Amino acid sequence: MFKGSMPALVTPFRNGELDLETLKHLVEWQIDEGSTGLVPVGTTGESPTLTHEEHETVVEEVVKAAAGRVPVIAGAGSNNTIEAIRFVQFAERVGADAALVVTPYYNKPTQRGMVAHFTALHDCGDLPIIIYNIPGRSIVDMTPETMGELAKLPRIAGVKDATGDITRVSQQRASCGADFVQLSGEDASALGFNAHGGVGCISVTANVAPKLCAEFQQATLAGDYAKALEYQDKLMPLHEAIFIEPGLVSAKYALSRLGLCSEEVRLPLTGLEDSTKAAIDAAMAHAGLL
């Protein structure tokens, strides 16, 4: 159910408020372009600056707009287990297909603490849970052994792996089983990730180039790595340019160049430097988007 190219959707703003009409248009565009799932209110969706009410509104609106055409994996992470339970239960109530839950950031739990956190989220309802392992943001790193322990629970369905270490895929296949859903959380290494046994990517670049990212994923899943490499060559400059500064800021700028979304972000994030804009423009032209 969860495979292919799934954008970690930006959250559009207008004059400081949620721009829900633009959000709905982005959902339609993503589905039309071939994205195989949608992931609202992750880091790229500016979850750290949304109120709880805004967070839930975005999830509900994306579920409604998708209307069952593609799965919705709702961002539901927190470093506060009680808060994460609220988000997981809300996502289930409004019809999301799974919850994406990041390893708890800032308070640096042990492996034992992470097992307790994810077990509590597993037990709070019936929604499948995708673990989001991103040590660069959360500081903690869930080991393959810990993930294997959690994978024994029936609704711990998979991982979004943003470690950048493609050998983790093989290690996690050994600890979690071949049916455990492994999704890349890093666009630039998604080619190798799938070659090791991954089945898709929760992507920042797919906000901007959904069709190319979807076709790239289709090629890897069909085992056509020669074709996938052609897409990789086309997309790699964009993968790199988008992360010169925070990826969501860059994604919104690129969407603005396509006339699809404003550049507006919330503090402490700010607009891009002109040099970054130039790099993104060049990368979009290289990919055939401008």
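In what follows, the structure referred to is the one given above.
Residues numbered from 1 in each chain as written. Predicted model: local features only at pLDDT ≥ 70, side-chain atom pairs only at ≥ 80, totals over all residues. Heavy atoms only, no water.

Novice: What is the right way to read the pattern of salt bridges from this model?
Specialist: Between side chains of opposite charge, pairing is possible as soon as their charged atoms come close. Tallied over the entire structure, the rule returns 12 salt bridges. For the salt bridge of Lys64 with Glu60, the shortest nitrogen-to-oxygen distance reads 3.9 Å. Pair noted here: Lys64 and Glu60 are both in helix α2 (residues 52–66), with a separation of 4 residues, about one helical turn. For Lys64, a relative accessible area of 53% translates into the label exposed. Judged by its relative accessible area of 29%, Glu60 falls in the partly exposed class. (Salt bridge = Lys/Arg side-chain N within 4 Å of Asp/Glu carboxyl O. Helix = DSSP H or I, 4+ residues; strand = E, 2+ residues; numbered from the N terminus. Buried < 20%, exposed > 50% of the residue type's maximum accessible area, 1.4 Å probe, protein only.)

Novice: So what exactly am I meant to see when it comes to the pairing of strand β9 (residues 200–203) here?
Specialist: Across a regular strand the side chains alternate sides, sitting on one face of the sheet and then on the other. Neither face of β9 is open: one carries Gly200 and Ile202, the other Cys201 and Ser203, and all of them are buried. As defined by bridge partners, strand β1 (residues 4–7) adjoins β9 across 4 bridges and the pair is classed as parallel. Within β9, the residue paired with Met6 across the bridge is Ile202. Pairing between strand β8 (residues 181–184) and β9: 2 bridges, direction parallel. Pairing of Leu183 across the sheet is with Gly200, part of β9. (Pairing = 2+ DSSP bridges.)

Novice: What exactly am I supposed to notice about the environment of Tyr225 here?
Specialist: Secondary-structure assignment places Tyr225 in helix α10 (residues 225–242). Judged by relative accessible area, Tyr225 falls into the partly exposed class, the value being 28%. Once the C-alpha coordinates of Tyr225 and Pro135 are considered, the two residues, 90 residues apart in sequence, prove to be 29 Å apart. Excluding residues within four positions of it along the chain, Tyr225 makes contact with Leu191, Asn194, Ala195 and Thr220. (Contact = heavy atoms within 4.5 Å.)

Novice: How do you make sense of the sheet that holds strand β7 (residues 156–161) when you look at a structure like this?
Specialist: Pairing between sheet strands relies on hydrogen bonds along the backbone, with the strands arranged either parallel or antiparallel. In space, the 7 strands of this open sheet follow the order β1-β9-β8-β7-β6-β5-β4, with parallel pairing throughout. At either margin of the open sheet sits one strand with a lone partner, and together these are β1 and β4 (73–75). Along the sheet, successive strands turn relative to each other by an average axial angle of 30°, direction set aside. (Axes fitted to C-alpha atoms, helices over the stretch in contact; angles between N-to-C directions.)

Novice: Teacher, can you tell me more about the nonpolar core here?
Specialist: One broad rule of soluble globular proteins: the nonpolar side chains tend to lie buried together. One finds Leu38, Val62, Val101 and Ile131 to be the most contacted residues of the largest nonpolar core, which totals 44 residues. Element by element, the count of residues in this core is highest for α2, at 6 residues. Contact partners of Leu38, with chain neighbours within four places excluded, come to Met6, Pro7, Leu9, Val27, Gln30, Ile31, Val62, Ala66, Val70, Pro71, Val72 and Ile73. Core analysis: the next-biggest nonpolar cluster, separate from the first, contains 33 residues, Phe216, Leu235, Ile242 and Leu255 among them. (Core = buried A, V, L, I, M, F, W, Y, C linked by side-chain atoms within 4.5 Å.)

Novice: Would you mind going over the side chain of Lys160 with me for this structure?
Specialist: In this structure, Lys160 sits in strand β7. Within the buried core, Lys160 has no salt-bridge partner, and the shortest N-O distance to an opposite charge, that of Asp187, equals 8.4 Å. One polar contact links Lys160 to Tyr132, side chain to side chain, over a distance of 3.4 Å. Setting aside anything within four residues of it in sequence, one finds Lys160 in contact with Leu100, Ile130, Ile131, Tyr132, Asn133, Leu183, Ser184, Gly185 and Ile202. (Lys, Arg positive; Asp, Glu negative; His and termini not counted. Polar contact = N/O pair within 3.5 Å; in protein donor to acceptor, adjacent residues only side chain to side chain.)

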